[in-house]
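Spelled out from the first residue to the last, the chains are:
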Amino acid sequence: MGHRKLSSPRRGSAGLRPRKRSSEFLPTPRSWPSIKGSNPTLLGFIGYKAGMTHVYMVNDKQRSETFGKEIFVPVTVIETPPIVPIAIRAYTPKGSIIGEFWAQELPKELQLERRISHFKLHVEDNKKSLEKIQQNLEKVGYIRVIAGSMSSKVKSLGKKTPDISEVQIGGGDIKAQLDYALNIIGKPVEVDSIFKVGQLIDVIGVTKGKGFQGVVKRYSVVELPRWHKHRKGSRKAGTKGPSLGTPSYTPQPGQMGFHRRTDYNKRILKISADPAEINPAGGFVNYGLITSKYLVIKGSVQGAKGRPLFLRYPIRPFQLAAEAPQITYIDTFSKQG
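Every value quoted in this text rests on a predicted model; they were computed, and no experiment measured them. (Residues numbered from 1 in each chain as written. Predicted model: local features only at pLDDT ≥ 70, side-chain atom pairs only at ≥ 80, totals over all residues. Heavy atoms only, no water.)

Draft legend 1. Quick peek at the overall build of the protein. Of the regular secondary structure elements, the protein holds three helices and 14 strands. C-alpha atoms of the protein, sized along the principal axes, occupy 85 × 50 × 40 Å. Of all 337 residues assigned to the protein, the portion counted as buried reaches 47%. Counting contacts in the protein only where the partners sit at least 6 residues apart, residues at least 24 apart contribute 80% of the total. Counting 55 positive and 26 negative side-chain charges, the protein places the centres of these two groups 16 Å from one another. (Helix = DSSP H or I, 4+ residues; strand = E, 2+ residues; numbered from the N terminus. Buried < 20%, exposed > 50% of the residue type's maximum accessible area, 1.4 Å probe, protein only. Contact = heavy atoms within 4.5 Å. Lys, Arg positive; Asp, Glu negative; His and termini not counted. Charge placed at Lys NZ, Arg CZ, Asp CG, Glu CD.)

Draft legend 2. Quick look at the sheet that holds strand β1 (residues 41–42). Taken together, five strands build an open sheet; the order of strands is β1-β7-β6-β4-β5 and the sheet is antiparallel. Each edge of the open sheet carries a strand with a single partner, namely β1 and β5 (97–102). Taken together, the five bridges between strand β4 (residues 83–91) and β5 define a ladder with antiparallel strand orientation. From the neighbouring strand, Ala-87 faces β5, where its bridge partner is Trp-102. Contacting β4 and β5, helix α1 (residues 123–135) crosses the sheet at an angle of about 135 degrees to β5. (Pairing = 2+ DSSP bridges. Axes fitted to C-alpha atoms, helices over the stretch in contact; angles between N-to-C directions.)

Draft legend 3. Geometry of the pattern of salt bridges. Under the counting rule described, the total for this entry stands at 14 salt bridges. In this structure, the salt-bridge partner of Glu-166 is Arg-144, at a minimum N-O distance of 3.2 Å. A residue pair is termed long-range when its members are at least 10 positions apart, and Glu-166 in strand β7 (residues 164–170) and Arg-144 in strand β6 (residues 142–149) qualify at 22 residues. Side by side, Glu-166 and Arg-144 carry an identical accessibility label, which is buried. Of the charged contacts in the structure, one is a salt bridge between Asp-331 and Lys-335, with a shortest N-O distance of 2.3 Å. Through salt bridges with shared partners, a single ionic network connects Arg-89, Glu-100, Arg-144 and Glu-166. (Salt bridge = Lys/Arg side-chain N within 4 Å of Asp/Glu carboxyl O.)

As structure tokens, this is what we get:
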């Protein structure tokens, strides 16, 4: 006589809960790394996902079986127009704002009035706020800048409104960081002045949205048999947990996708300002042609085409080869199918 199966493995992942929609289209980092060095630098940048292609590169991983040989690597291309620091904020170690100083002049290409339409700068109050920061440097825990992306330079997006985010400054002491912030405020900052080829970065962004989905698609619950007439529907959970107590994990329908996620330790393989080296014939699908500086990152990252991504210094890096990787071939054939 057969035995009825009374148990089964758990379906889907119990992690990353609650699975709700992201509150920000461009997420702001919740934590920042502490870097060593005497020269201050911005710890993040804003980019736009263009698409994927593949390259051939010489494997420089020491303990790999293919070390020193050409390998096939899928890559993601992220377009990175300049960002402009529009304000400086000084914080106490506990996160209270000591003061903020806003830029007097900004590039016209930034088009900040599209994002802050009724902004009115009081020059005297602005100067007093800067003096307050300079007089209370011993109380400052960290300094951040409010930066806006020059998205009007990304022709494929057709977007003129800048994306704005806070970017922390790392390296050096507080006085050096303030001097660095005063030096770059109101001026375009390029991506190659912050990141280097071969280093690791963290990519923070929002995944593709898939709307409201049932348990079969959302948690990979096995569909119930449909050939019996005593069941009202098959695409549902057979049981939602034990009858006594509160279950720790219950597959239920709800929002799927458009979640905030962080992809750690993505390696930069190339930084260039020549779009002809990377643009495929006909442009990237659902994006178009790249017209400004760009990054080539090993592997895939979250988000749809054109989605803004925040690129941050790695918060938990691992050891890598110090030299930049050697790329021997970049695929530029049409991706149109």
